[in-house]
Amino acid sequence: QVQLVESGGDSVQAGGSLRLSCALSGGITKVIVLGWYRERPGQQREFVASITHDGTPNYDMTVEGRFTISRTEEPRLYLQMNNLRPEDTAVYYCNAGGTLTSSGRYWGQGTQVTVSA
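Read on for an overview of the structure. Computed from a prediction, not measured in an experiment: that's the story for all the values here.

Of the regular secondary structure elements, the protein holds 0 helices and 11 strands. Ordered by position in the sequence, the α and β elements of the protein form the string β-β-β-β-β-β-β-β-β-β-β. Here the C-alpha atoms of the protein give a radius of gyration of 13 Å, agreeing with the 13 Å that 2.2 N^0.38 yields for 117 residues. Per-residue burial for the protein yields a buried fraction of 44% across its 117 residues. Of the contacts formed within the protein by residues at least 6 apart in sequence, a portion of 56% connects residues at least 24 apart. Element-wise, carbon and sulfur atoms account for 45% of the exposed surface of the protein, whose accessible area totals about 6,000 Å².

Cut-offs and rules
Residues numbered from 1 in each chain as written. Predicted model: local features only at pLDDT ≥ 70, side-chain atom pairs only at ≥ 80, totals over all residues. Heavy atoms only, no water. Helix = DSSP H or I, 4+ residues; strand = E, 2+ residues; numbered from the N terminus. Rg over C-alpha atoms; globule rule 2.2 N^0.38 Å. Buried < 20%, exposed > 50% of the residue type's maximum accessible area, 1.4 Å probe, protein only. Contact = heavy atoms within 4.5 Å. Areas by Shrake-Rupley, 256 points an atom, 1.4 Å probe, with all protein chains shown as cover.

Now the structure itself:
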């Protein structure tokens, strides 16, 4: 059974940093595209960042230069978030099986990130 579990969400002040992680299990291929999506309050789920098996990343313009996506061979997925802004407040979801620009079929349960002004 495919399982994705996010962790690392917290409440921080603007300008702070967090690192999110996603543990993947259940026979997920190591070449699968992985990504992070988020749901901001009152908004639909949106793309944040994605990465291929060989480390090619893609970022939404709202996080370019502040967030860094990375992965290990397990695979395990990470999102380093620096210089956080109040508009980054959202539930962040790990995703697998998509492309660099669209989500795939597998989702985690989400982890809450709250950024205070």
